[in-house]
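One-letter residues, chain by chain:
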Amino acid sequence: MAKKNQDSTLHRLLRTDEMSVFIPLLIIMAITTIFRPDFLTVKNFSAIFTQIPFIAIVALGVSFPLMTGNIDISTGRVAGFAGIIMASLCYEHGWSIFPAMMIGLICGVAVGTVNGILVVHVGVPAFVGTMGTLYMVGGARYLFIHGYQLNFSNSWVDFFDKRIGGMLPYFWIMILLYVIVFILIKFTLWGRRIRAVGDNAEVAALAGINVKRMKMIAYILSGFFSAISGILFTLDLGYGLPETGDGWEFRAIAGCVVGGVSLLGGKGSPLGILIGVTLIQVAESAIIFLGAPATMQIAIRGALMAGAVLFDIFRQKRKVPA
Amino acid sequence: MEKNVVNNKKVSSGKGFLDFLLMPEIGVLVPILVLCVITTTLKPNFLTWKYFSSILMGCIFIGVESIGQAFVQISGEVDLSVGYAGCLSGIMMGVACGFWHWGLVPCLLLSLVTGALVGLINGLCVCKLGLSSWITTLATQFICKGLAVTISQGEPMSITELGTSTFNRARPLGVSWAFLIFLFLLIVSDLVLRNTKYGYKLRAVGGNQNAAVMAGINADKIKIIAFVLCGLFAACGGIFDVINKASANSTFGDGREFRTIICVAIGGIAGGSGSMLGVGFGVLLFHVLWYALRILSVDTNLQLVLIGAVLVLSVVLDIQRKRLEARRIAR
């Protein structure tokens with residue numbers, strides 16, 4: 001009797017959304033390790049984990065609009081924009097780092113608000129609207145660079161180079177953000193509301209949820225998290241790099257999609273997103289270990305993304321009749 | 001009763017000027033004219049035929065891919081793979097010429113087949129497997145990009161063997177042959193959209209898919225054809241690129257998926273509505289803006305900001321125009 005009960009918990013665990021991402025991750029790692037035993041080393045994985053946090057934080061941000069059934073493709077450039085603003089304020093205007101960070105974050109929130117107004121209130125299609133801000137912010141990043149590097153040597157940069165528990169501080173900041181969002185999404189009324197809006201906006205509105213405000217907040221959060229990511233990346237580099245964030249938007253969305261965020265809205269868990277982002281990074285690393293040309297990495301990312309969505313559709317279809 | 005209806009029609013056509021302004025194509029033409037006037041007052045040599053023809057000849061690459069994008073967007077989907085599908089087609093042309101020493105026609109055919117194949121895969125994934133269109137096409141974009149870079153190893157591949165330089169240098173009617181081909185494709189697509197059964201069905205599917213399916217239209221088939229057409233037009237863009245530069249390179253077509261979406265959005269295409277003429281004007285506006293900013297020596301990065309602003313502005317205006325139109329119809 002007890003065994004049967006255990007079985008069902010195991011089954012339930014295996015059927016959660018997070019597990020369906022975690023198992024492919026394990027499979028990829030196992031296969032690669034069989035062919036190349038040096039794949040599963042601490043050194044390789046700490047290299048992978050130093051690359052993850054920035055994309056993962058952007059992915060966490062973009063998951064909010066995705067969960068409410070919208071899309072935000074301006075995230076990467078917003079990250080770059082916030083980083084450049086901070087670097088410019090520190091280097092050219094001699095600000096100390098904290099007010100500069102605040103301004104960077106405020107810029108992220110401002111762009112998110114503009115996205116929200118355009119998409120939610122004016123009714124511009126989400127893709128086109130956020131593409132407009134993508135161009136505007138993407139161009140604006142370069143306007144702060146006057147032909148020289150925006151270096152800022154600061155005790156904070158040194159702080160962010162120290163390893164805590166074998167990991168750089170960015171990793172722990174990422175973990176902290178994910179834990180906060182996980183609690184918000186899974187255990188609060190607000191989290192339930194935001195998923196309800198994505199699942200069925202009409203029903204959510206009938207249930208008394210202010211749909212427009214929820215969608216608006218989703219965009220603002222997306223801008224906010226992107227700004228955090230860009231600021232951390234700039235701190236990591238130690239200077240303002242205007243190319244920061246190019247192409248991050250689609251890598252982040254790919255991470256979300258692989259991690260089980262439904263593009264129709266209403267579904268998604270931060271844990272799944274984290275595993276999804278890791279899966280993509282590990283798969284790209286595995287490709288090199290298995291001897292495929294590095295130029296195929298991007299193709300693998302595409303195939304993974306399509307495969308993940310297909311798998312999700314297959315699973316949904318199986319779940320519905322049950 | 002009959003007379004009343006006729007009278008009503010006359011009354012509404014009496015306010016012809018506003019109707020005229022509300023036509024989507026004209027709504028795009030006005031900013032083009034304004035831009036031209038402003039730029040010409042600042043830089044008088046902007047409106048010379050020499051400069052203007054270079055604008056016209058410069059817009060074929062994004063233009064021809066925008067036609068494909070428009071087909072897909074009218075059916076209510078989006079195609080993010082246009083840029084790299086075209087790039088991959090161009091690379092295949094380079095491979096066929098450089099490694100296999102094929103002639104011109106097989107090279108072109110291979111390129112078109114590559115594009116159509118990418119479109120077919122997109123269409124099948126979207127319609128038969130039920131994937132959302134922009135995830136599918138984002139995936140194929142990644143895959144095409146990866147394949148294009150891997151095949152070419154990042155090196156440009158020369159196609160001088162094909163002997164396209166005379167075609168390239170010829171200037172019939174003061175423009176290039178490629179521009180005339182683009183114009184021809186644009187007009188044919190416009191006619192297809194307006195006058196054929198396929199165009200009618202495409203608009204029906206994009207407007208309301210459920211209603212279209214109930215009316216007996218095979219929506220999947222219509223959409224798959226739209227995706228294949230988009231792939232073909234993307235391949236055309238790739239071929240134009242390769243012939244223009246006399247080499248195939250894996251950096252061609254980068255970011256073009258966004259630019260085609262901008263042109264199509266400016267041209268007033270939305271699911272179920274829009275015309276290829278509008279797309280043509282959208283492409284023209286985008287390029288006039290681009291070249292005007294260039295001749296006014298505006299900072300390259302400020303150009304991006306302004307292009308983004310124009311995109312948002314034009315889409316917001318289009319939404320307002322549609323609201324106005326709906327109100328007039330309701331009245």
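Student: Mind showing me how you'd approach the overall build of chain B here?
Tutor: Along chain B, the regular secondary structure elements total 16 helices and two strands. Over its C-alpha trace chain B gives a radius of gyration of 21 Å, about what one expects of a compact globule, namely 20 Å for 331 residues. The C-alpha extent of chain B, read off along each of the three principal axes, is 75 × 55 × 35 Å. Counting only residues that meet the buried cut, chain B has 49% of its 331 residues in that class. Taking contacts inside chain B between residues at least 6 apart in sequence as the whole, the part at least 24 apart equals 79%.

Student: Mind showing me how you'd approach the confidence of the model for chain B here?
Tutor: All names here are of chain B. Summarising the model, chain B shows a mean pLDDT of 83, and 92% of its residues fall at 70 or more. Confidence drops under pLDDT 50 across residues 1–14; counting only partners more than four residues distant or on other chains, this segment forms one contact. On the interface metric, ipTM, the complex scores 0.78, and its pTM is 0.83.

Student: What's the story with helix α6 (residues 126–143) of chain A in this structure? I'm lost.
Tutor: It helps to recall that an α-helix has 3.6 residues per turn; residues three or four apart then point in one direction. For α6(A), with 18 residues, the first-to-last C-alpha span of 26 Å sits near the 26 Å given by 1.5 Å per residue. Counting buried residues along α6(A), 15 of its 18 residues qualify, which places the element largely inside the surrounding structure.

Student: Can you help me understand the packing of helix α6 (residues 82–98) of chain B against helix α8 (residues 133–152) of chain B in this one?
Tutor: Helix-helix packing: each pair is described by the crossing angle between the helix axes and the interaxial distance. Residue and element names in this part refer to chain B. Packing of α6 against α8 brings their axes to within 8 Å, and their N-to-C directions diverge by 25°. Taken together, the axis directions place α6 and α8 in an arrangement best described as roughly parallel. Handedness of the α6/α8 crossing: left-handed. Only Q141, C144, K145, L147, A148, I151 and S152 of α8 make contact with α6, whose side of the interface consists of Y84, A85, C87, L88, I91, G94 and V95. Residues of the contact of α6 with α8, tallied by class, amount to 10 nonpolar, three polar and one charged.

Student: What is the right way to read the interface of chain B and chain A from this model?
Tutor: When the parts of a complex come together, some accessible area is lost, and that lost area is often used as the size of the interface. Every contact between the two is made by 35 residues of chain B and, on the other side, 35 residues of chain A. Looking at the side of chain B that touches chain A, the elements that each hand over two or more residues are α8, α14 (256–266) and α16 (300–330) of chain B. Residue classes in the side of chain B that touches chain A are distributed as 24 nonpolar, 10 polar and one charged.

What counts as what
Residues numbered from 1 in each chain as written. Chains lettered and ligands numbered in written order. Predicted model: local features only at pLDDT ≥ 70, side-chain atom pairs only at ≥ 80, totals over all residues. Helix = DSSP H or I, 4+ residues; strand = E, 2+ residues; numbered from the N terminus. Rg over C-alpha atoms; globule rule 2.2 N^0.38 Å. Buried ≥ 20, exposed ≤ 12 C-beta atoms within 10 Å, placed from the backbone. Contact = placed C-beta atoms within 7 Å. pLDDT = per-residue confidence, 0-100. Expected span 1.5 Å × (residues − 1). Axes fitted to C-alpha atoms, helices over the stretch in contact; angles between N-to-C directions. Parallel < 35°, antiparallel > 145°, perpendicular 65-115°, else oblique. Left-handed = near helix turned anticlockwise from the far one by under 90°. Nonpolar A, V, L, I, M, F, W, Y, C, P; charged D, E, K, R; others polar.

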